[in-house]
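These are the residues of each chain, in order.
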Amino acid sequence: MRRPRNEESFKEYSFVLRYRKDEKMIEKREIGGNLGRVALIFPNSYSVASGSLAWSWIQTLLFRRGLNVQRFFYEKWFRRFYSMEEQIPIDEFPVWLFTFQFENDLLNIADILRKKGIPIAARERFSYHPIVIIGGPVTLFNHRIVEEIADFVFIGDLECSIEEFTAALMHNDKESIVNGLLRINQIYSSKYNKSEFSNCIGQLQPVPVAHYTTSHSPYKNKVLIEIGRGCIRRCAFCVTGYTKKPVKFAKVDDVIAILEENKDKEFGFISATITGYPYLDKLLDYLENENIRFSVSSMRVDGLNERLLRLLKETDHRSFTIAPEGISQKMREIMLKDLSTEQIVRGLELGNSVGFQHVKLYYIIGLEEEDTSDYEEFYDFLKMVVKMGYKEITVSINPLVPKLSTPFSNRRMIEKKEYEERATFIRKNIPKSVKVNFESYKESRIQYEISHLKAQESLDYINEKLK
Ligand code: SF4
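The structure presented is a predicted model; accordingly, all values stated were derived computationally and were not measured. (Residues numbered from 1 in each chain as written. Predicted model: local features only at pLDDT ≥ 70, side-chain atom pairs only at ≥ 80, totals over all residues.)

J.: Can you tell me about the packing of helix α6 (residues 162-169) against helix α7 (residues 174-182), naming the residues and giving the values?
T.: At a minimum axis separation of 7 Å, α6 and α7 run at an interaxial angle of 165°. Between α6 and α7, the crossing angle belongs to the class labelled roughly antiparallel. Here α6 and α7 pass one another in a crossing that is right-handed. Residue-level inspection shows Ala-167, Ala-168 and Leu-169 of α6 in contact with α7, the latter providing Ile-177, Gly-180 and Leu-181. Residue composition of the contact of α6 with α7, by class: 5 nonpolar, 1 polar and no charged. (Axes fitted to C-alpha atoms, helices over the stretch in contact; angles between N-to-C directions. Helix = DSSP H or I, 4+ residues; strand = E, 2+ residues; numbered from the N terminus. Parallel < 35°, antiparallel > 145°, perpendicular 65-115°, else oblique. Left-handed = near helix turned anticlockwise from the far one by under 90°. Contact = placed C-beta atoms within 7 Å. Nonpolar A, V, L, I, M, F, W, Y, C, P; charged D, E, K, R; others polar.)

Structure representation (structure tokens):
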């Protein structure tokens, strides 16, 4: 622990410490030692970081192999960046490992480097600078975004190369670390001229599980546990359906063994879609018999059943979420959503039957095929949902963000003016009792621009945005 020397640092230190004190540990760990010191950085707020199992699980994987890994998160006003575990300033760590989960976090990664006086361009850094490694889902669909920023880009899941990765970092001299990393198949490095790499999706064995819970996470005090990785579907706008293949599922007996040891806890099950988990019935049997409360990250309406919804309702869920995505059947077919209006209606009826009074519906708009008949179908559908008796209906509207690695990658993104016109049209015609939220165009546009960046463009883009 390093006591801060001025008021501003003390404020930052206290902010980090407050979150740390709220964490309840499930797995005891003594962090320490000078060998293998790694700063594991989630370049977003604590709330977002703690809602991601990756931030905990990567630390667990490296910690169990003897590395001194400490977690960091990001706030725009931070200057010192203190670790969660021991409140040590980030400058004291020789290796900075970023988990890059969302495109817009690129600017936060660059901001951290800039605030610590570290050149954003990897080629301008010297041996006394930390080694910067960037991995995570964004690098899986476009590693070129960070190739000029990272000394090393890690592609795919860490589990596949965990032994080599740990061995590489278990050194005190930079040269040995660099040489070790260059031997790993999943590493790409423009700076060190390593262009050959292979991707890998990890087996969920052991089952990834968080080592702490916190009230600040979107999963509020629940233990996160990953039961599925990747998605068997191929919705045309979704990167997960195209980059995370083959899909991996945790063995249900392994999952139940973890639940068995933690019967007094609540759980948050993580999967691209929980309803795609092949052993869901057996898992629900256990959860129901043992009276274990749980949340799920996401579910498809065509896989819903009465029991799943009832158990979620009994946990503490006020609402449930359905993602029709397309505003009409035609648009769903263009999006390869593979979901019929009848299936959505059935899901809504099920929700109603178990007593949900609040439903959230998630849509994507802005495809060039949309016309007024699609919007008419959308309004009629919402009128029908109102008639079903839901007390609260919340619709979330998002502009299509065409992503690389998907069939929509070459589509144009709707312009701001068009998006605003469609928003006005929706507000005017949607049933009055339906609440509608529109995703920020500005944030979506940045997401689109970053997801398509190539090498050198990233540096220019960052410099422009951070001006
Ligand atoms: S949108 Fe959902 S169901 Fe479709 S591919 Fe993505 S994760 Fe799978």
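J.: Let's hear about the site of the ligand: which residues, and what values?
T.: In the region of the ligand, the neighbouring residues are Cys-231, Arg-233, Arg-234, Cys-235, Cys-238, Thr-240, Gly-241, Ala-272, Thr-273 and Arg-300. In terms of residue class, the shell around the ligand is made up of 4 nonpolar, 3 polar and 3 charged. (Near = placed C-beta within 6 Å.)

J.: So, the pairing of strand β5 (residues 131-135): which residues are in play, and what are the values?
T.: In terms of residue burial, β5 counts as a mostly covered element, since 5 of its 5 residues are buried. Burial along β5 is two-sided: the face carrying Ile-131, Ile-133 and Gly-135 and the face carrying Val-132 and Ile-134 are both buried. As a crossover connection, the stretch from strand β4 (residues 95-99) through helix α4 (residues 106-115) into β5 is right-handed. Sheet topology places β5 next to strand β6 (residues 152-154); 3 bridges connect them, and they run parallel. Within β6, the residue paired with Gly-135 across the bridge is Phe-154. (Buried ≥ 20, exposed ≤ 12 C-beta atoms within 10 Å, placed from the backbone. Right-handed = clockwise from strand over helix to strand, strands pointing away. Pairing = 2+ DSSP bridges.)

J.: An account of the pairing of strand β12 (residues 266-270) is needed here, citing residue identities and associated values.
T.: With respect to burial, β12 is a largely interior element, 4 of its 5 residues being buried. In this sheet, β12 lies alongside strand β9 (residues 222-226) in parallel orientation, the contact comprising 5 bridges. Within β12, the position partnered with Glu-226 by the bridge is Ile-270. One ladder, built from 3 bridges, connects β12 with strand β13 (residues 294-296); its direction is parallel. When the sheet's bridge partners are listed, Gly-268 is paired in β13 with Ser-295. Read from β12 through helix α10 (residues 280-289) to β13, the crossover connection turns out right-handed.

J.: Now, about the sheet that holds β12: what can you tell me, with residues and values included?
T.: Strand order across the open sheet formed by 3 strands is β9-β12-β13, with parallel pairing between neighbours. Of all strands in the sheet, those bounded by a partner on one side alone are β9 and β13. Taking each pair of neighbouring strands and ignoring which way they run, the sheet shows an average axis angle of 25°.

Keep in mind these numbers describe shape, not what the thing actually does.
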